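Understanding the architecture of this molecule
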Protein chains: 2
Amino acid sequence: MSLFSYAAPLDEMRFVIERVLKAPAQWAAIPAFTDLDADTAAEVLAQAARFTSEVLQPLNGPGDRQGCRIVDGRVKTPDGFPGAWQQFVEGGWPALACDPDWGGQGLPQLLNAALFEMLVAANHGWTMYPGLLHGAYETIKAHGSDALKQRYLPKLVSGEWLAAMGLTEPQAGSDLGLVRTKAEPRGDGSVAVTGGKIFISGGDHDLTDNIVHLVLCRLQDPSNPAPPGTKGLSLALVPTVLPDGTRNTMAADGLEHKMGIHGSATCVMRYEGATGWLVGEPHRGLPAMFLMMNAARLHVALQGLGHLDMATQNAERYAAERVQFKGPIARQPAMQRTLGRLRAVSDGLRVVMYRAAMRLDEAEHHPDAAVREAAAAEASILTPVLKAFGTQQGFQGASDALQVWGGYGYVAEYGIEQTVRDARIAMIYEGTNEIQAIDLVQRKLLGGAAPAFERLLDGLLAGADDGEAGRALRAQATMARETLAAVRSAAGGDAEAPLRAADDVLAGVGHLLLAWAWTAILQAAPDDAARHLVVHAGLLHSAPEAEMHWRRAQRALAQAPATA
Amino acid sequence: MSLFSYAAPLDEMRFVIERVLKAPAQWAAIPAFTDLDADTAAEVLAQAARFTSEVLQPLNGPGDRQGCRIVDGRVKTPDGFPGAWQQFVEGGWPALACDPDWGGQGLPQLLNAALFEMLVAANHGWTMYPGLLHGAYETIKAHGSDALKQRYLPKLVSGEWLAAMGLTEPQAGSDLGLVRTKAEPRGDGSVAVTGGKIFISGGDHDLTDNIVHLVLCRLQDPSNPAPPGTKGLSLALVPTVLPDGTRNTMAADGLEHKMGIHGSATCVMRYEGATGWLVGEPHRGLPAMFLMMNAARLHVALQGLGHLDMATQNAERYAAERVQFKGPIARQPAMQRTLGRLRAVSDGLRVVMYRAAMRLDEAEHHPDAAVREAAAAEASILTPVLKAFGTQQGFQGASDALQVWGGYGYVAEYGIEQTVRDARIAMIYEGTNEIQAIDLVQRKLLGGAAPAFERLLDGLLAGADDGEAGRALRAQATMARETLAAVRSAAGGDAEAPLRAADDVLAGVGHLLLAWAWTAILQAAPDDAARHLVVHAGLLHSAPEAEMHWRRAQRALAQAPATA
């Protein structure tokens, strides 16, 4: 019986990029991408697929079992991880979506999204290291001084150095206003950073010689005192190795023992007067970090997709091979339903996530300001939905897939239990899924993004045909509009009402996006009987679930709990 | 910040036993239990609570980290596990629900159910060892020869020896008809058992000197050849130590590395002409094992409840202590909903599971044959529902609870991630949850148990008042009846139709039982405002979910997928 393996779904990716989303037409309209064509993009993804299948996936199980450890005061990653990083760097992959001015390849975020789907599917633990690179790059590029940019961007783009983000402290989880790490100006333009951070992914490791920390801190400047809360946070760049080659006064005090992603070094960091430099204005640290949030959240969403696809393709193969009751278990109705739903959700989520990546590309590169603005607005709605809904589907889908293996699914060597453990973290970090729901409903749908959501709905409905998926999409759009009207109305008299409905609203929008994706998939391949079956299996589950979420959201609004 | 702990919910257990289910009235009507009163029962549970909190729970995290290993060819359990077993034996706990004729205490299964809820909540890995004892005891008691009973029952009842069940083989998972292990008659009444078994919980360990294996095998008797498939399976008792004190020719070849329950020794067993004796008639091994199946499945269901209650009580405490955004996170609407739902489902499942245990007591001990028969019929419906629905709620609830801790939930030292990992196995073993759904729908609701289900529904509805829970119960009963009529009608022309709907039917019945339990809870405590709030939170989730399942079941019947 074959064990876990991974083959990137290159045909499906190409189908989504070229035929469902018609990305090459977008590239032709954006000067930065006019040199790119479908075949070139496909060749880039094919190369990435080889790397993920041949180099990364074989390190996934061993990396989980070996984990990271501290040797002589430094973090040592699992065997093979540094070597895989060298191959990644030599392939030019860190530079894929970076600006050519800084040594990047200037390719669309769409291709970077496909790359990260593959990386995570093959090895989530390893992918945590490059996962932080792009966010650091974007932040320094947008807010760093010229000196910082010159010193750090080329090395980050090439992958010679890696990055870490220092946000969380023991008392400051979702509530970053409680951050206490301090930065004292030294008078030479640098600051001395002192404090402790937890959950710092890649805070120390042996993949690169230098690690660039972006640390959220509170500036101690008597001439410019920090306001309390999040409005008084600054962002400091603190490298583990200083420009003169000496080690900075910072260290990983320990590693967390986690449920999964054992290959990722989750550090407890201590900064003891470590030398750093502010990135952006004093007290404007949080807005500087928000800039990269859409891209970072989309990357976490892609983790959900990667896990789901990995679990699905292995479950499909196992179910075809495993014989019980005189036939492969894939023929049993319960297995057919599970496998059909997993495949449908995986294929559907890919369409929506790649669409979001295309909006990020337009927001950054489109020549028309109105297009840029509309794309940014749509991305700001899609990203919290995809982060929360995508990671929830990734975890639940991995657990559903585990059931296909029966008892073997619970045994480590078969691989799927690791996927379940690894997938669980994505529901928590980069803003918990509950925080995403509040962001979507409170800040976006009840805030400035309400018209953008209406435009998004109109756009999705424009393609709704009379097929099963199109009918589901129209029904769900109606429920969405009714529910959002009720949320708005309830919010007037009861500020907490939207918060009670937020999780269900987000899930409802997630199912609605799936219904659209399935419509778009079938329209791009109207004669593909196998796809019709898969979409049918997906709708069998998704449509009643969508209804349930909208109904529950309305109940949660209407029935405020009496205070106990 | 306090870490995981466990305090058995004694007040709630007493409330359910005495006021909701009125068990003391049942005891008074059953001669075997007339000596038992409410205070005595409460004292028994209070003693069990002390053992689980003080002895078992402190071994839970360390047992997970240390796991089992093979030392000098024998399985060594985590430090403290054998000592805890000695204390359990000295307390007389293995004998709790066993027949006084064999040294048991003759207490109801209801109290044994409460005991096992506590044991699993405190330490699932450890509880796997006594978890198999009662099934072996029942099987030998009902089907063993007098000699086997005399030799093995007293030592099993006292806990001097433990038991293991050998069913699964690599090629024979859910499909036991594929079992190949053979038993050759020796002419002296014994058989020589040869073959390999996998996933044998407690197959070897250091808690007791002897382990009594009940092994499913195929008798090789030329004068009485075994029919193929499950009708040709026999059951053999194969002890690790023979009556003359020598070791039997059997060994644990290895231990599985699992997602969770690391403290439980999951063995790969090899029997090499090992000496055994048939239990029951040749080729009647499976019916002999089915006898104990209701009790065994209820025990697995109780694992779901134990995990759920453990997760809930720790999440409640953490949410009350953890301050973010100027208050304990327990005040945030998203957390309130999660915590309320967890508490509601935990409290509700306990009522239904204890009710099932009372039916098992009646089925075994009631003086009136009609009552015995009706109780057995109800138990045969409740157990697959509670096994599948209860363990699904246990796993999902543990994962939902993990979210309350945010990033800390993913870190091993906080405990909740272990609960998620441990809880996952209960959806697989003792018949996967998909097998339970097929058993419920195919064998029971479409089979001989249809009238019993109608009687069960009538009985549940008899108590439905006009409160929120009572209204939900009535609505769900109507949906259940309509759906089951549709299942019956579809089954005529399409044999696979019930299998497509089975998972949703089972989940629907699970929610219906919850609605009844909440009705019964509120009727037993009509003025308890806190309980009304909890039930409200439960219904907010459960009622729309129930509707979704019934609707989806009907869709699955109506829309047979076209063959691809």
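Note that this is a predicted model, so its numbers are computed, not measured.

All right, on to the overall build of chain A then. The helix and strand inventory of chain A stands at 19 helices and eleven strands. Against the compact-globule benchmark of 24 Å for 564 residues, chain A has a radius of gyration of 23 Å, which places it among compact chains. When its C-alpha atoms are laid out on the principal axes, chain A stretches across 70 × 60 × 55 Å. The long-range fraction of contacts in chain A, counting pairs at least 24 apart against all pairs at least 6 apart in sequence, stands at 75%. A total accessible area of about 19100 Å² is found for chain A, and carbon and sulfur atoms account for 53% of it. Distance from the positive charge centre (49 side chains) to the negative charge centre (62 side chains) of chain A: 4 Å.

The two copies are related by a screw operation: chain A maps onto chain B through 180° of rotation and 0.0 Å of translation along the axis, at an RMSD of 0.0 Å. Expressed as an axis order, the relation between the two copies is that of a two-fold axis. It is methionine 548 of chain A whose C-alpha, among those of chain A, lies nearest the rotation axis, at 3.1 Å. Residue by residue, 100% of the interface of chain A is reproduced at the interface of chain B, so both copies engage with the same surface.

All names here are of chain A. In this fold, glutamine 105 is placed in the loop between α5 (81–90) and α6 (109–122). Residue glutamine 105 is classed as partly exposed on the basis of its relative accessible area, which comes to 38%. In the structure, glutamine 105 is positioned 125 residues away from threonine 230 in sequence and 35 Å away in space, judged by C-alpha atoms. Other than its neighbours up to four places away in sequence, glutamine 105 contacts Gly91, Gly92, Ala95, Leu96, Cys98 and Pro100.

Residues and elements named next belong to chain B. Inspection of the entire model under this criterion finds 75 salt bridges over all chains. Salt-bridge contacts for arginine 14 lead to aspartate 39; the nearest nitrogen and oxygen are separated by 2.5 Å. Placement of arginine 14 in helix α1 (residues 10–20) and of aspartate 39 in helix α3 (residues 38–56) is noted, with a sequence separation of 25 residues between them. For arginine 341, the salt bridge identified is with aspartate 400, shortest N-O distance 2.9 Å. In this pair, arginine 341 sits in helix α12 (residues 333–365) while aspartate 400 sits in helix α13 (residues 369–404), placing the two residues 59 residues apart along the sequence. No difference in accessibility class separates arginine 341 from aspartate 400, as the two residues are buried.

Residue and element names in this part refer to chain A. Between its terminal C-alpha atoms helix α13 (residues 369–404) stretches 49 Å, which fits the 52 Å expected from 36 residues at 1.5 Å a residue. The axis of α13 is deflected most strongly, by about 30°, at leucine 386. By the criterion of burial, α13 is predominantly enclosed, with 26 of the 36 residues buried.

Right, let's talk about unusual backbone geometry for a bit. Its identity is not glycine, yet glutamate 430 of chain A carries a phi of approximately 55°, on the positive side. Mapped onto the secondary structure, glutamate 430 of chain A falls in the loop between α14 (416–424) and α15 (433–448).

Here we take up the pairing of strand β5 (residues 191–201) of chain B. Residue and element names in this part refer to chain B. Across four bridges, the pairing between strand β4 (residues 182–185) and β5 is antiparallel. Among the inter-strand pairings, glutamate 184 is bridged to a residue of β5, identified as alanine 192. What sits between β4 and β5 in their antiparallel hairpin is a turn of five residues, with glycine 187 showing a positive phi close to 90°.

Residues and elements named next belong to chain A. On inspection of all chains with the given rule, the structure shows 21 aromatic pairs over all chains. A centroid spacing of 4.9 Å and a plane angle of 50° characterise the contact between tyrosine 408 and tyrosine 414, whose relative ring orientation is tilted. One exposure class covers both tyrosine 408 and tyrosine 414, and it is buried. Here the aromatic residues Phe51, Trp85, Phe88 and Trp126 are joined through ring pairs into a cluster of three or more. A cation over a ring is seen here: arginine 151 above tryptophan 277, with NZ or CZ 4.9 Å from the ring centre. Sitting above the plane of the phenylalanine 15 ring, arginine 531 keeps its charged end 3.9 Å from the centroid.

Our next topic: helix α15 (residues 433–448) of chain B. Residues and elements named next belong to chain B. Over its 16 residues, α15 runs 21 Å from end to end, which matches the ideal 22 Å to within 8%, given 1.5 Å per residue. The largest bend along α15 measures about 25° and falls at aspartate 439. For α15, the set of buried residues is Asn433, Glu434, Gln436, Ala437, Asp439, Leu440, Val441, Lys444 and Leu445.

What follows deals with the interface of chain A and chain B. Taken together, the contacts link 74 residues of chain A with 74 residues of chain B. Summed over both sides, the interface of chain A with chain B buries roughly 6000 Å², with 60% coming from carbon and sulfur. Summed over the three residues of chain A that lose the most area to chain B, namely Met259, Gln403 and Tyr410 of chain A, the buried surface amounts to 14% of that side. One can count eight salt bridges joining chain A with chain B. The partner of arginine 551 of chain B in a salt bridge is glutamate 547 of chain A, and the shortest N-O contact between them spans 3.3 Å. Run the count over chain A and chain B and you get 40 residue pairs in polar contact (both at pLDDT 80 or more). Of all the secondary-structure elements, those providing two or more residues to the side of chain A that touches chain B are β5 (191–201), β10 (323–324), α12 (333–365), α13, α14, α15, α18 (497–524) and α19 (529–558) of chain A.

About the criteria used
- Residues numbered from 1 in each chain as written.
- Chains lettered and ligands numbered in written order.
- Predicted model: local features only at pLDDT ≥ 70, side-chain atom pairs only at ≥ 80, totals over all residues.
- Heavy atoms only, no water.
- Helix = DSSP H or I, 4+ residues; strand = E, 2+ residues; numbered from the N terminus.
- Rg over C-alpha atoms; globule rule 2.2 N^0.38 Å.
- Contact = heavy atoms within 4.5 Å.
- Areas by Shrake-Rupley, 256 points an atom, 1.4 Å probe, with all protein chains shown as cover.
- Lys, Arg positive; Asp, Glu negative; His and termini not counted.
- Charge placed at Lys NZ, Arg CZ, Asp CG, Glu CD.
- Least-squares fit on C-alpha atoms with pLDDT ≥ 70 in both.
- Buried < 20%, exposed > 50% of the residue type's maximum accessible area, 1.4 Å probe, protein only.
- Salt bridge = Lys/Arg side-chain N within 4 Å of Asp/Glu carboxyl O.
- Expected span 1.5 Å × (residues − 1).
- Bend = angle between axes of the 7 residues up to and from the residue.
- Pairing = 2+ DSSP bridges.
- Phe/Tyr/Trp six-rings, centres within 6.5 Å; stacked < 30°, edge-to-face > 60°.
- Lys NZ or Arg CZ within 6 Å of the ring centre and 35° of its normal.
- Buried area = accessible area lost by both parts, 1.4 Å probe.
- Polar contact = N/O pair within 3.5 Å; in protein donor to acceptor, adjacent residues only side chain to side chain.

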